[in-house]
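# Topology and contacts: notes
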Amino acid sequence: MFEKLTKIIMFFVIFFTLIISNNRILSAQTTNEDDQFQEYDMYNDIRKDIPISEDESISEFPEDQYANELSSWMKKIPDDTLIGDLSIPGSHDSATYKKAPAITCPDSTVRCQRANDTFLIQMEKLGIRAFDLRLKEDMQFFHGRCWLELGLREYIKDVKQFLTLYNQEFIIAHVKHEHGDCEKKYEFYNNFIDIVKEENAQDMFLYLGKDLLTTPIGKLRGKVVVITRKRAEGDCGWIKGATMIDFPDDDTVEHTDTTNCENCIDAAISDDYTKRPYQKVGPLTQHMARATDDNDHRMYIGFVSGYKICNNSLPYPEGYSTDMLPSLRYVIHGESGKFSDCCKSPKGQYRCPRSFTMPPLKMGKKLGTVFIDFVGEGPQFIFIMSDIIPRNPG
């Protein structure tokens, strides 16, 4: 009996020793980074959680300094400014703040935004003006095959509330068909338009085609500008009159194809979503540098988001975002940034066996539209408030 008890005690001693040792390893790996990025500690002092009343009315938000500034940052921009000259924060896979069914879609692999049933409105209050909307033909939001228990109707209700209170702002809705297939022509378009009409939002939605790049933002205020992927008329994801972009798949391109496409615009895209942070940062920062030098009012769209932080690992967007953003900020500010090649082992250990130092780039003003994950978390909040919005004219 005594021998058995001794073995049990020894087991727990070894078990807790391993946990403590692992935590010390993790602490040692992150100590230098914590020292290097002390600026993020200020986040705990300045961030204000924005409560929502039971009826989800954004009129209940406290009028604190940062909520006011980020809710209405576009009002300072001159009316004659073109959309291609702006730096716009966007949320990648915007609807993933809603929880997907855990059995079929593990939360950590699907979620790209903070968990909160009413977080869409908070994104707008935190300065987000471009939304990555991935809709099935029935107008429900999906991330891959994972239904997010949310639909277009809920999105329109929230946007109407926001733009009614802040009518100097405008929203860009990047609409993409996701999961499934349309059984008949125009199914996606008809369902989209029907919901817009049912929500009495016809006058709020703009479908500008190629004219988007030459329309001054004074005419966009209080509106939702619709952009889709390049699609043939009537196909899944096609919306009549909407501006279209021929998005590359997992690549960075300086020019998108406009051949035989009446409403397509030539844009620059950086969306290397399967590459690890140290592989992605080069194309992304070069894309941003080209945006700052652009004088042709073109749209530049970059995705800081991704999911592959280790070979053969499960998607882990939150870890990717954590690894990517702090060093990216240093590169944007003309300093060197160190990017770790980190991953979790099958036993859950977090290791960074390699790192890559990105040399500084000379950055001007415009960054274009920048899509990020986990809007509202510390580094992301600072990135939006300090590195994107202040680059706008006005």
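Residues numbered from 1 in each chain as written. Predicted model: local features only at pLDDT ≥ 70, side-chain atom pairs only at ≥ 80, totals over all residues. Heavy atoms only, no water.

## With respect to the overall build of the protein
For clarity, the threshold we go by: Put simply, DSSP marks the helices as runs of H or I at least four residues long and the strands as runs of E at least two long, and each gets a number from the N terminus on. Residue burial is assigned from relative accessible area. The probe radius is 1.4 Å, only protein chains are included, and a residue is buried under 20% of its type maximum, exposed over 50%, and partly exposed in between. Any two residues whose heavy atoms approach within 4.5 Å at even a single point are treated as in contact. Note on areas: Shrake-Rupley with a 1.4 Å probe; residue coverage comes only from the protein chains shown.
Along the backbone of the protein there are 10 helices and 14 strands. Taking all 394 residues of the protein together, 53% fall into the buried category. Taking the intrachain contacts of the protein between residues at least 6 apart in sequence as the baseline, contacts between residues at least 24 apart amount to 69%. Accessible surface computed for the protein: about 18,400 Å², of which carbon and sulfur atoms make up 50%.

## Concerning the packing of aromatic side chains
Operational definition: Stacked, edge-to-face and tilted are the three classes for Phe, Tyr and Trp ring pairs, Trp counted by its six-membered ring, which pair at centre distances within 6.5 Å; planes under 30 degrees apart are stacked, over 60 edge-to-face, the rest tilted. We count a charge as sitting over a ring when the NZ of a lysine or the CZ of an arginine lies within 6 Å of the ring centre and within 35 degrees of the ring normal.
Per the counting criterion, the structure on display carries seven aromatic pairs. Aromatic pair Phe192 and Phe205: ring centres 6.1 Å apart, planes at 80°, arrangement edge-to-face. Placement of Phe192 in helix H7 (residues 187-198) and of Phe205 in strand S6 (residues 205-206) is noted, with a sequence separation of 13 residues between them. Assigned by exposure class, Phe192 and Phe205 land together as buried. An aromatic cluster is present here, built from Tyr186, Tyr189 and Trp238 joined pairwise through their rings. Across from the ring centre of Phe247, 3.8 Å away, lies the NZ or CZ of Arg229, which sits over that ring.

## What about the state of the cysteines?
For the record, the criterion: Disulfides are defined as pairs of cysteine sulfur atoms found within 2.5 Å of each other.
This structure, assessed with the given rule, holds two disulfides. With a sulfur-sulfur separation of 1.7 Å, Cys182 is cross-linked through a disulfide to Cys236. Because the torsion about its S-S bond is 120°, the bridge between Cys182 and Cys236 counts as right-handed. Linking Cys182 in the loop between strand S5 (171-177) and H7 with Cys236 in the loop between strand S7 (224-229) and strand S8 (243-245), this pair joins segments that are 54 residues apart in sequence. Judged by relative accessible area, Cys182 falls into the buried class, the value being 16%. Residue Cys236 is classed as buried on the basis of its relative accessible area, which comes to 10%. Covalently, Cys261 is tied to Cys264 through a disulfide, its sulfur atoms 2.0 Å apart. Negative torsions about the S-S bond denote left-handed disulfides, and the value of about 70° found for Cys261 with Cys264 makes this one right-handed. Taken individually, Cys261 and Cys264 each receive the classification buried, so the pair is uniform in this respect.

## Considering the pairing of S7
The test is simple: A pair of strands is treated as paired once DSSP finds two or more bridges between them.
With respect to burial, S7 is a largely interior element, six of its six residues being buried. When S5 meets S7, the two strands line up parallel, connected through five bridges. Each residue of the ladder has a partner; that of Ile172, found in S7, is Val225. Bridge count for S6 against S7 is two bridges, and the pairing is parallel. Of the residues in S7, the one forming a bridge with Leu206 is Val225. Alignment of S7 against S8, held across three bridges, turns out to be parallel. Among the inter-strand pairings, Ile227 is bridged to a residue of S8, identified as Thr243.

## Some remarks on helix H6 (residues 152-165)
For the record, the criterion: Helix span is expected to be 1.5 Å times the residue number reduced by one. The reported arc concerns the directions from the helix axis to the C-beta atoms and nothing else.
The first and last C-alpha atoms of H6 sit 20 Å apart over 14 residues, in line with the 20 Å expected at 1.5 Å per residue. Residues of H6 that are buried: Leu152, Tyr155, Ile156, Asp158, Val159, Phe162 and Leu163. In an axial view of H6, the angular spread of the buried residues amounts to 165°, which keeps them on one side of the axis.

## Let's talk about the pattern of salt bridges
Under the convention used in this document: In the sections that follow, a salt bridge refers to a side-chain nitrogen of Lys or Arg positioned within 4 Å of a carboxyl oxygen of Asp or Glu.
Scanning the model with the defined rule gives 15 salt bridges in all. The partner of Arg129 in a salt bridge is Glu169, and the shortest N-O contact between them spans 3.0 Å. You can see Arg129 sitting in the loop between helix H5 (119-125) and strand S2 (130-135) and its partner Glu169 sitting in the loop between H6 and S5, a full 40 residues away along the chain. Relative accessible area serves as the criterion here: at 0%, Arg129 is assigned to the buried category. Sharing partners across several salt bridges, the network here consists of Arg153, Lys157, Glu198 and Glu199.

## What about helix H9 (residues 317-332)?
Threshold: Fitting axes to the seven residues that end at a residue and to the seven that start at it, the angle between those axes gives the bend at that residue.
Taking 1.5 Å as the rise per residue, H9 with 16 residues should run 22 Å; its terminal C-alpha atoms sit 22 Å apart, in good agreement. When the local axis directions of H9 are compared, the greatest deviation, roughly 30°, occurs at Leu325, which is followed within four positions by the proline Pro326. Buried residues dominate H9, accounting for 13 of its 16 residues. Taken from the residues just after H9, Gly334 is the one with a positive phi, measuring 80°.

## What to know about the side chain of Thr228
You can see Thr228 is positioned in strand S7. Apart from residues lying up to four places away in sequence, Thr228 is in contact with Val175, Gly237, Ile239, Ala242, Thr243, Met244 and Ile245.

## Points about the confidence of the model for the protein
To be explicit about the condition: Scored from 0 to 100, pLDDT reflects the predictor's confidence in each residue.
Across the protein, the average pLDDT comes to 79, with 72% of residues at or above 70. Note on residues 4-9: pLDDT under 50 across the span, and zero contacts to partners over four residues away in sequence or across chains. For the stretch residues 11-64, pLDDT sits under 50, and the model shows 56 contacts to residues farther than four places along the chain or on other chains.

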